[in-house]
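Structural features, examined
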Amino acid sequence: MEMEEIFDSSVELLDTGEKNDVDKIKEPTLEPVLESEDIDTPSTLLKKDNEVLTKFRAIIAEYLQGEKILDGLDGLTKGVLGSYSLAGYLDFAVPSGKEIIVTKLLQHCCFQLLDLLRVSDGICYAHEEATAAIMPLIQMQLLNLYPKYSTQGYEALYSCPPTIYISPLCIPSLGSVICKKLGFPTSSVKVMKMHGADHLTKMEKSLLEDFAAKRVPLMIIASCGSHHSGQVDNLVAISHLAQRFNAWLHLEGHLINHLSLHDQPKKNLQIADSLHLDLKQLLGVPSLPFVTMYRHCEIALQRAVYLTPSHCSPFSVVPLWFALQSLDSSTISNRFRTAVELSKLLINHLITIPNILIMSHIPKSIKMQVSVESKEVLSDDLGINAPATVTANSNDEDEGVEATKTKTVEELSDLPENSDTSSESDTMNIHDDEELAGREKTKPAALMDCVVPVVVFQYRPSSKEIGECPGNLLDDLNLWLVQVLERACEEIHMDIIDVDESGYALRFSPYDCKSFPSIETLAKFLESLDQQLEILNATVEHKKTLNKIIEVSGGELQLVELPGWAGLGGVRYLPAAWRSDNMEQLPDQGKEEINRINRELVAKLKETDSAFSLGEGRDGLSCVRFGMVVAITDVEALANLVRQTGLDLEASTLALETMAVMIRKGIEEAQAELQRETEEKLWQEGLLRHIPVVGSLVNYFSPPQKTSVKGRCLNLQNGRIEKSEVTIHSLVVEEASVVVEQASEVVEEASEALSSNQETPFVESEETKNAPDE
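Residues numbered from 1 in each chain as written. Predicted model: local features only at pLDDT ≥ 70, side-chain atom pairs only at ≥ 80, totals over all residues. Heavy atoms only, no water.

Right, let's get into the nonpolar core. Counting residues in hydrophobic clusters, the biggest one holds 102 residues, and the most contacted among them are Ile138, Ile178, Leu251 and Leu283. Ignoring any residue separated from it by four or fewer positions in sequence, one finds Leu283 in contact with Leu288, Ala323, Leu324, Leu327, Ile332 and Arg335. If you look at the next biggest cluster of nonpolar residues, it comprises 40 residues, including Trp480, Tyr511, Cys513 and Leu533. (Core = buried A, V, L, I, M, F, W, Y, C linked by side-chain atoms within 4.5 Å. Buried < 20%, exposed > 50% of the residue type's maximum accessible area, 1.4 Å probe, protein only. Contact = heavy atoms within 4.5 Å.)

Below, the structure written as structure tokens:
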């Protein structure tokens, strides 16, 4: 009853956490608990537990920044999460017999997984970390091939060091983890590609070189469906090499789950020595452990490296047991079958699109349905060429390799004699029911003809459309495509990944979606994909037209490379005074003028069409940025619009600047003439009239004649200074200078407004009207 209460309280806790709105949770104010006689009563303890739980939720809510905790959990997930409390109860309440209970629970899980994957014989090991089981497997092989390793340690490996081959499609940084945890030198781990014919030839050559150098191939770790790239190693060739060179073969990937889809077994066939299962993806339940299935070996070796069910943690086995007890084999198989069908529908649609390169694994049966000549397929044909590379060797050559292998091993005193790795007792056997071309296929060949529920593809324009398409442009186009598709269909999750030597690519996997999309949702997604591809094709096609227009523009327009922009491109208008092929050599004044006129140009164009925007090239100068276009877009008209608008702005700017210069020059001339006439009047009247006290006496006895100085006006039509009819009576020179200076300041402000990013025309003020007359 205690275990039931623990489990029920855990599930109830999850239900309560799902109902509560995290946004309203605030950190509680805990009052100090006073010491009293009833401090340990059940009600007080329950209240304290609720306070602690509330505080714990508040801490999580602060980290999640307003998201709901445990949102949308189904009954199975709640049961698995609640089973961790039972695992803690088992670890605490039964410390002496928990190994027996854990072993029994793991045996039940093992039988169910063996039956699910149609594997006739094997042992399961549950672990939390993805690489936790590989280390004991390597150590078990070391004890098997180096009998003195248990007593001499690494000295036993000195005369004939081991070598481990790892596919780059496997767990990232696996090689460095092996070297770090086992103390191997980096030369003992070789990361080599294993999916192409050339790759397998290099691998076979490396294996032969290892034997010649008295190095022992210890293990081959390959992938049969990478969750990251969706590629598959050549399982047929790798299995053949592992048997020839007596190496342990370890497989991981999505196609292992495909073994559950074979309903009618016919024949026992070898596939690998160990399999790595990711049950989080297979069952769709979070917090489940990884499971490694391996063939039966000596019990002493398993115990020596702690690779037995009794050494598994209860926190790994109990949740796994709960999940497998809640699900039957048909439910698990249907989940994987649905994922395969969705991926197959997507592949069948993508393979008919000319500008799409499928970079993940394509089964041979799908390739045969489409003309390969009309498609550029990036992934290698794993099922045809690669096996022939290995099996094409003659019997004499195989015998020579075996003789070399036997001779080398005989010279190694520390190694035991070779064992027959192809015997049924030492291999993991599984059933197969597929046939191709009237004959039964081997299990590796059957798996390679299956669809991986991970589809990776890339939009790549044909070379005829755009010539040598730069890598950064491909990345921008694919980034734009994935962003648009996510907005158009939120139910289907799309990732962007960086593929070596190919750039960014789009990745789809049903396992990464919150729930498996329906066929209707996928059809809607494919319809949106076709629409966006039409826009991409039109944009790429119109790039050629834009480039030709820029070439014949006579230097008025300049093509600008815009990093991170997937649109039609960028165009910069260059004023006549600052046209140059090398923009870096322009002075700062020229760069400022180019930036000013292009900013004004974008503001003017936005009044016509909002598709124009302001961009900035790698040189830091402004430009006009074009967005995505459709097939009917008249690119030549757009370019001419930019060119003509730029010419109009430049002409308007030159006219205003000319007028400002003319006004400034006219004011200076008027000021000089007024100054000269004032001085002449001063000499005519005499200096005595302007001396204090004396001037008053002179003016009293000899009053001055009434004279006036005529004002000046500027004729804007011919730019000449003319005398006006307005006269200035008794105007002192200093006062006239002040008025002229004020008029000059108004003109300078108007000139600064022209150089700034303002589009308002110059407005004549009262001071500028009257200044020339005064």
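Pairing within the open sheet is mixed, and its seven strands lie in the order β1-β8-β7-β5-β4-β2-β3. Every interior strand has two partners, whereas the edge strands, β1 (123-127) and β3 (189-191), have only one. When the angles between neighbouring strand axes are averaged without regard to direction, this sheet yields 20°. Of the pairings in the sheet, the one linking strand β7 (residues 274-278) to strand β8 (residues 290-294) comprises five bridges and is antiparallel in character. Bridged to Asp278 within β8 is Phe290. Most of the contacts of helix α5 (residues 134-145) go to strand β4 (residues 216-223), to which it runs at about 155°, and overall it touches β2 (162-166), β4, β5 (248-252), β7 and β8. Docked against the sheet, helix α7 (residues 174-182) engages β2, β3 and β4, running at close to 155° with respect to β2. (Pairing = 2+ DSSP bridges. Helix = DSSP H or I, 4+ residues; strand = E, 2+ residues; numbered from the N terminus. Axes fitted to C-alpha atoms, helices over the stretch in contact; angles between N-to-C directions.)

So, about helix α21 (residues 588-606). For α21, built from 19 residues, the straight-helix expectation of 27 Å at 1.5 Å per residue is met to within 8% by its first-to-last C-alpha distance of 27 Å. The complete set of buried residues in α21 reads Gly590, Ile594, Asn595, Arg596, Ile597, Asn598, Glu600, Leu601, Val602 and Leu605. (Expected span 1.5 Å × (residues − 1).)

Tracing the sequence through the fold places Val189 in strand β3. As a C-alpha pair, Val189 and Thr163 span 26 residues in sequence and 5.8 Å in three-dimensional space. Apart from residues lying up to four places away in sequence, Val189 is in contact with Ile164, Ile166, Gly175, Ile178 and Cys179.

Here the focus is the pattern of salt bridges. In this structure the tally under the stated criterion is 14 salt bridges. Between Glu541 and Lys544 there is a salt bridge, and its shortest N-O distance comes to 3.4 Å. With Glu541 and Lys544 both in helix α20 (residues 519-551) and three residues apart, the pair spans about one turn of that helix. Residues participating in the shared-partner salt-bridge network are Lys190, Asp210 and Arg215. (Salt bridge = Lys/Arg side-chain N within 4 Å of Asp/Glu carboxyl O.)

Any functional reading would require information that these geometric values do not contain.
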